[in-house]
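# Coordinates in review
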Amino acid sequence: MVASDEATAPAFLLEGVEKSFGALKALDGLTLRVDPGEMYGFLGPNGSGKTTAIRVALGLTRLDKGVARVFGADAPPRSVIHRVGFVPQEPALYRDLTVRENLELFADIFGLARGRWEERFAHVLEFANLQDREGEIVRNLSGGMVRRTSIAAAMVHDPDLLVLDEPTVGIDPELRASFWAHFAELKAQGKSILITTHYIDEARRCDRVGFVRAGKLVAEGPPDELLRATHTSSLEDAFLSYVRRAAGAPG
Amino acid sequence: MNARRTLAVSRRVLRGIRHDRRSVGLIVFAPIMAMFVFGVAFSGDVTDVPVAVLNLDTPFTLPNGTTRDMGASIVAHLDTRLMRVITLDPAQDTNETAAAMVERGEARAALIIPAFFTRDAFRSIADSSYEGNTSIELRLDRSNVNVAGDLQRNVVEALLSAIEEFGRPAPVRLDDSRPVYGEGANFADFLIPGVMTFAVFLLTNLLTITGFVQERVSGTLDRLGASPLTEGEMVLGYSLAYSLVAVLQAAVLVTVAVVAFGIVIVGSLLLAFLFIALLAIASQGLGILLSAAARTEAQAIQFLPFLIMPVFLLSGIFWPVEAIPAWLRPLSWALPTTYEVEGLRSVMIRGWGIERVGPYLAALALFGVLFFAAARFSLKRSRH
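Treat the numbers as computed from the prediction; the structure is a model and nothing was measured.

The helix and strand tally for chain B stands at 14 helices and six strands. Its C-alpha atoms give chain B a radius of gyration of 29 Å, clearly above 21 Å, the size a compact globule of 384 residues would have. Projected onto its principal axes, the C-alpha positions of chain B cover 100 × 45 × 40 Å. Counting across all 384 residues of chain B, residues that qualify as buried make up 47%. Taking contacts inside chain B between residues at least 6 apart in sequence as the whole, the part at least 24 apart equals 78%. Summed over its atoms, the accessible surface of chain B is roughly 19,000 Å², and 61% of this surface lies on carbon and sulfur atoms. Positive and negative side-chain charges of chain B, numbering 32 and 33 respectively, have mean locations separated by a distance of 18 Å.

Residue and element names in this part refer to chain B. Taken together, Met309, Leu313 and Trp319 make up a surface patch of nonpolar side chains, about 300 Å² in accessible area. Locating tryptophan 319 in the fold gives a position in the loop between α11 (297-314) and α12 (329-332). Classification of tryptophan 319 as partly exposed rests on a relative accessible area of 42%.

Before going further, it helps to spend a moment on the pairing of strand β5 (residues 109-113) of chain B. Residues and elements named next belong to chain B. Among the five residues that make up β5, five are buried, leaving the element largely enclosed by the rest of the structure. As paired strands, strand β1 (residues 49-55) and β5 are joined by five bridges and run parallel to one another. What sits directly across from valine 51, in β5, is alanine 109. As judged from the four bridges shared by β5 and strand β6 (residues 137-140), these two strands associate in the antiparallel manner. Each bridged residue has a counterpart across the sheet, and for leucine 111 the counterpart in β6 is leucine 138.

Another point: empty space enclosed by the protein. One simple way to see leftover space: roll a probe sized like a water molecule over the atoms. Residue and element names in this part refer to chain A. Across all of its chains, the model carries six cavities of 30 Å³ or more by this definition. Volume-wise, the largest cavity comes out at about 70 Å³. Taken together, Arg120, Met155, Asp158, Pro159, Asp160, Leu161, Leu162, Leu186, Lys191, Ser192 and Ile193 make up the lining of the largest cavity. Those elements that provide at least two residues to the lining of the largest cavity are β7 (161-165) and β8 (192-197).

To continue, consider helix α5 (residues 143-155) of chain A. Across its 13 residues, α5 of chain A extends 19 Å between first and last C-alpha, which sits within 8% of the 18 Å expected from 1.5 Å per residue. Among all positions of α5 of chain A, only Gly144, Met145, Val146, Arg147, Arg148, Thr149, Ser150, Ile151, Ala152, Ala153, Ala154 and Met155 of chain A are buried. Turning to α5 of chain A, the residues buried within the fold contact β6 (84-87), α3 (99-109), α4 (117-127), β7 and α6 (173-188) of chain A together with α8 (220-225) of chain B.

Residue and element names in this part refer to chain A. An order of β2-β1-β4-β5 is seen for the four strands of this open sheet, with the pairing classed as antiparallel. Because the sheet does not close on itself, it has two edges, and the strands there are β2 (24-34) and β5 (73-74). This element, helix α2 (residues 50-58), spans β1 (12-21), β2 and β4 (65-70) of the sheet and lies at about 110° to β1.

The partner chain A presents 39 residues to the 28 residues of chain B that form the contact. Taken over both partners, the interface formed by chain B and chain A buries close to 2,900 Å², and the fraction arising from carbon and sulfur atoms is 51%. For the pair chain B and chain A, the interface holds seven salt bridges. Those elements that provide at least two residues to the side of chain B that touches chain A are α1 (3-19), α7 (187-218) and α8 of chain B. Considering every element that reaches the side of chain B that touches chain A, the biggest residue donor is α1 of chain B, with ten residues. Along the lines of polarity and charge, the residues of the side of chain B that touches chain A split into seven nonpolar, nine polar and twelve charged.

Moving on, we get to unusual backbone geometry. Residue and element names in this part refer to chain A. Proline 76 follows alanine 75 through a cis peptide bond whose omega is -5°. Tracing the sequence through the fold places proline 76 in the loop between β5 and β6. The phi angle at asparagine 129 is positive, at roughly 55°, despite the residue not being glycine. Tracing the backbone through its elements, the reader meets asparagine 129 in the loop between α4 and α5. We note that glutamate 166 has phi near 50°; this positive angle belongs to a residue other than glycine. Residue placement: glutamate 166 occurs in the loop between β7 and α6.

Let us now look at the environment of valine 254 of chain B. All names here are of chain B. Here valine 254 is to be found in helix α9 (residues 231-261). The spacing of valine 254 and valine 264 is ten residues in sequence and 9.8 Å in space, taken between C-alpha atoms. Other than its neighbours up to four places away in sequence, valine 254 contacts Met196, Ile265, Leu269 and Met348.

With the rule as written, the count across this model stands at 36 salt bridges over all chains. Here glutamate 134 of chain A ties to arginine 100 of chain A by a salt bridge, and the two come within 2.9 Å at their closest N and O atoms. Of this pair, glutamate 134 of chain A sits in the loop between α4 and α5 while arginine 100 of chain A is found in helix α3, placing the two residues 34 residues apart along the sequence. The salt bridge partner of arginine 104 of chain B is glutamate 106 of chain B, with a shortest N-O separation of 2.8 Å.

Residues and elements named next belong to chain B. Read across the sheet, four strands follow the order β4-β1-β5-β6 without closing on themselves; strand pairing throughout is mixed. The open sheet terminates on both sides in strands that have one partner only, identified here as β4 (83-87) and β6. Ignoring strand direction, the axes of neighbouring strands in this sheet form an average angle of 25°. Running at roughly 170° to β1, helix α3 (residues 70-77) makes contact with β1 and β5 of the sheet.

Turning our eyes to something else, we now look at the pairing of β1 of chain A. All names here are of chain A. As judged from the five bridges shared by β1 and β4, these two strands associate in the antiparallel manner. Bridge assignment links phenylalanine 12 to a residue of β4, and that residue is valine 70. Here β1 pairs with β2 via eight bridges, running antiparallel. Bridge pairing in β2 places lysine 19 opposite leucine 27. The hairpin turn running from β1 into β2, its antiparallel successor, is two residues long, and glycine 22 in that turn takes a positive phi close to 65°.

All names here are of chain A. Along the chain, the position of arginine 95 falls in the loop between β6 and α3. Look at arginine 95 and you get partly exposed, because its relative accessible area is 39%. When the C-alpha positions of arginine 95 and valine 243 are compared, they lie 40 Å apart, and in sequence the two are 148 residues distant. Not counting residues up to four positions away in its chain, the partners in contact with arginine 95 are Ile137, Val138, Arg139 and Val146.

Of note, serine 150 of chain A is situated in helix α5. A residue is classified by how much of its surface remains accessible, and serine 150 of chain A, at 2% relative accessible area, is buried. Engagement of the side chain of serine 150 of chain A in a polar contact is seen with the backbone oxygen of proline 91 of chain A, the distance being 2.7 Å. With residues up to four places along the chain from it excluded, the contact list for serine 150 of chain A reads Val87, Pro88, Pro91 and Leu93 of chain A together with Arg223 of chain B.

What counts, and at which threshold
Residues numbered from 1 in each chain as written. Chains lettered and ligands numbered in written order. Predicted model: local features only at pLDDT ≥ 70, side-chain atom pairs only at ≥ 80, totals over all residues. Heavy atoms only, no water. Helix = DSSP H or I, 4+ residues; strand = E, 2+ residues; numbered from the N terminus. Rg over C-alpha atoms; globule rule 2.2 N^0.38 Å. Buried < 20%, exposed > 50% of the residue type's maximum accessible area, 1.4 Å probe, protein only. Contact = heavy atoms within 4.5 Å. Areas by Shrake-Rupley, 256 points an atom, 1.4 Å probe, with all protein chains shown as cover. Lys, Arg positive; Asp, Glu negative; His and termini not counted. Charge placed at Lys NZ, Arg CZ, Asp CG, Glu CD. Patch = residues over 30% accessible without salt bridge, like charges linked within 9 Å, V, L, I, M, F, W, Y side chains within 5 Å. Salt bridge = Lys/Arg side-chain N within 4 Å of Asp/Glu carboxyl O. Pairing = 2+ DSSP bridges. 1 Å grid on protein atoms, 1.4 Å probe; cavity = no way out; pocket = protein on both sides within 12 Å on 5 of 7 lines; lining within 4 Å. Points joined across faces, edges and corners; volume = space filled by probe spheres on them. Expected span 1.5 Å × (residues − 1). Axes fitted to C-alpha atoms, helices over the stretch in contact; angles between N-to-C directions. Buried area = accessible area lost by both parts, 1.4 Å probe. Nonpolar A, V, L, I, M, F, W, Y, C, P; charged D, E, K, R; others polar. Polar contact = N/O pair within 3.5 Å; in protein donor to acceptor, adjacent residues only side chain to side chain.

Keep in mind that these numbers describe shape and distance, not what the molecule does.
The following block contains the structure:
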């Protein structure tokens, strides 16, 4: 029963989630669903609640109200967390360790079998274009390389759901494009991806996007549909159109 | 508890230390330096203290024809390593001029042996109703009680030796030539357990506090929070790594102490290292607790004086716990370091085995469990 739940349940689910930090309402009844095999873009300005939404589902922040589940497991989703790869907004690496030592740490912590180490390390290093940086201390890498290492570390255990919080900040356009190509490849392998970004237009490659503002979802759907509905040609314009609508609409 | 994840954390911590030259310096050289500074500065011997000696005594011939000079004998028995004797001229100087030298700071004490001291001493022994001046006067500068105490002790010893020399053994005598423990022990033997305790406590706290503030600030704590790693595994992983570091550090310290200071370790080194490892575990838990209250490393460092001062002053590292006012003593026994110092000294100098230091080990283990649980709880609670 639990196993079948885990297999069919949404990869990532928030339902009516509320969360306040003192007087600040970070999440105001947010509902969000990422289906297995889906690439979902979670878009909104800084401070709109994207990071809090992720933290609540992963069990890093307690919710006040509502439901938060990963692969059907209520937050904190201990039982399924090994299937999740999380790339926090800040690079979140051990800067006094080498790239490879960081990978080894997360491989051990996520229980990646030793026999698969070399294959996985080679794969994620290629993904992040860091093949020749394996032995370098993270502190000595450039900002962009550190971000790429951070993504590589989250992918080392071949997760079924990849949660990326602003992964493309500080990464040059060429590599950003290659990242999106790789994310599409992961999706093609049946992985689920939740990605937040405030480079709204790069999210056109997602299956669906959700626009969030002040802790609430203002619109959700495939990018093309949102463009059509708002008669706009860029997602950024579509976003602004929805925000205006939400602000103008009574109630 | 999953061993692989726990050990992964330990290895991470050790690798981080290995890549950081400053940490290695802090771990290896700082305590050695501290040992040398304290070991040399506090080597325990006061030397070369100027003392004005005015000997007004003159030789005296006993009825049986032998001639005695006690004044000269006392002066001859003064410890010239401790004292730099300034001999005053009995023909010119007086009690007043001798005392004036102390007043002017030219001497730390004036020793005045009165005129006819030998004669009066012998006569008063023969005839208890005889009234003469048999008092040697020691005018001390007691602004430094340690130095004054040493001078006083040495004059008494010289006096006793002089009496013995005249074939008149003192009627009572203190024999302390056969100590139960610590035969041949010098100040370094006493000091090393204290330095080891202090080094392990300070270093483990410092590394843990800065390490955990970094974990929080860099976001790695979040990343690990969204992983199968449990809080217990994390704290245990850190504990194992720091225990190993502490034991290595202690081994270096002991080696240097044996080579440079010639200390003698009577008991089991293995038992001493067990003490070190337990203290590292307790200190590490305390460090995690403190790190929770700091947002930056700079803030965390500000906690250190509050940590260092009580441990330095109250744990019996330099001053015995017995010298601490009775009302403060409960605080001493509320510090894990007090049990550590006592336990280490008992093992290293007294040679006590586990059956006698058991209570100290138990107390340290209790601190370890307590701080471990609190650290684990504080990490769980950080999910707000």
